[in-house]
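Secondary and tertiary structure notes
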Amino acid sequence: MTSTGAIKVLGIGGSLRDGSQTERALRVALDGAADAGAETSALCGQALNLPFYDAVSAERTPRASELVEAVREADGVIVVSPGYHGALSGLIKNALDYVEDLREDRRPYLDGRAVGSVGVAYGWQAAVTTLDQLRTITHALRGWPTPLGGAVNTAEVKFDAEGGVSEEKVERTLRLIGTQVAEFAQRRA
């Protein structure tokens, strides 16, 4: 929690392309968390351009250290990944691998944190399988997946630079995921 008492929700997602459809979906979910009273932040694009995670080495780049510290301080997390060839992106998987650095913390991994998950792909198959993989990873990292997850098919849904979503139902779903993360974190606090 922050000094003002607000809970912190961290968004992790997107691709290396700034303003990607995946990053825009993440921002809509974070808006839902903010509306529920959370202080939100996001690590997207180049902030996730990290060296491959190496459990043997304790050396971390400044970006990797920033990611680990942001997860450590978060009360809740929203992860949005593009679906590439039926799976989550290597960029997002690598970022989640860095959560291993929290293994010795008082709250190891994602323990006690709600985690909202969204898969975004050009087609339903990759969007759904990516969502399933994110939820599986959340369980493995001891997080609490929100009851609602999101699969967004960008062949049917578009996000604009101002935060608009072409389908109202998708916007409601993403915002509700953010709300669920924030509400869970508030109850845990």
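Here we summarise the structure given alongside this text. If you're wondering where the values come from, they're calculated on a predicted model, not measured in any experiment.

A separate point is the overall build of the protein. For the protein, the count of helices and strands is five helices and seven strands. Its helices and strands taken in sequence order, the protein reads β-α-β-α-β-β-α-β-α-β-β-α from the N to the C terminus. Across its three principal directions, the C-alpha atoms of the protein cover 45 × 35 × 25 Å. Counting all 189 residues of the protein, 50% fall into the buried class.

Viewed as axis vectors pointing N to C, helix H1 (residues 21-35) and helix H5 (residues 168-188) meet at an angle of 50°, and their least axial separation amounts to 7 Å. The angle between H1 and H5 places the two elements in the oblique class. Judged by the sense of rotation from one axis to the other, the crossing of H1 with H5 is right-handed. Side by side, H1 and H5 meet where Ala 25, Val 28, Ala 29, Asp 31, Gly 32, Ala 33 and Asp 35 of the first sit next to Glu 171, Leu 174, Arg 175, Gly 178, Thr 179 and Ala 182 of the second.

What follows deals with the environment of Thr 61. Mapped onto the elements of the fold, Thr 61 is located in the loop between strand S2 (39-44) and helix H2 (62-73). The spacing of Thr 61 and Leu 50 is 11 residues in sequence and 7.8 Å in space, taken between C-alpha atoms.

In a structure, side chains of opposite charge can pair up when their charged atoms sit close to one another. Across all of its chains, the model carries nine salt bridges by this definition. Residue Lys 8 pairs with Glu 73 through a salt bridge whose shortest N-O separation is 3.3 Å. Residue Lys 8 is located in strand S1 (residues 8-13), and its partner Glu 73 is located in helix H2; the two are separated by 65 residues in the primary sequence. Judged by relative accessible area, Glu 73 falls into the partly exposed class, the value being 39%. Look at the salt bridges and you will find they share partners, linking Glu 69, Arg 72 and Asp 105 into a network.

Thresholds, definitions, all that
For every chain, the first residue of the written sequence is number 1, and numbering continues from 1 along that sequence. Whole-chain, interface and lining totals are the exception, using all residues; otherwise, since this is a predicted model, local features are given only for residues with pLDDT of at least 70 and side-chain atom pairs are given and counted only at 80 or more. Neither water nor hydrogens contribute to the side-chain values; these are computed over all heavy atoms in the structure. The numbering of helices and of strands both runs from the N terminus, where a helix is a DSSP run of H or I of at least 4 residues and a strand a run of E of at least 2. Exposure classes here rest on a 1.4 Å probe applied to the protein chains alone. A residue is buried below 20% of its type maximum, exposed above 50%, and partly exposed in between. Here, axes are lines fitted to C-alpha atoms. For helices the fit covers the stretch in contact, and angles between N-to-C directions go from 0 to 180 degrees. For classification purposes, an angle smaller than 35 degrees is called roughly parallel, one larger than 145 roughly antiparallel, one from 65 to 115 roughly perpendicular, and anything else oblique. Throughout, a crossing is termed right-handed when the near helix is turned clockwise from the far one, and left-handed when it is turned anticlockwise from it by less than a right angle. Only heavy atoms matter for contacts: two residues are in contact if any of them lie within 4.5 Å across the pair. Only one rule defines a salt bridge in this text: a Lys or Arg side-chain nitrogen within 4 Å of an Asp or Glu carboxyl oxygen.

The values are spatial; any link to function lies outside them.
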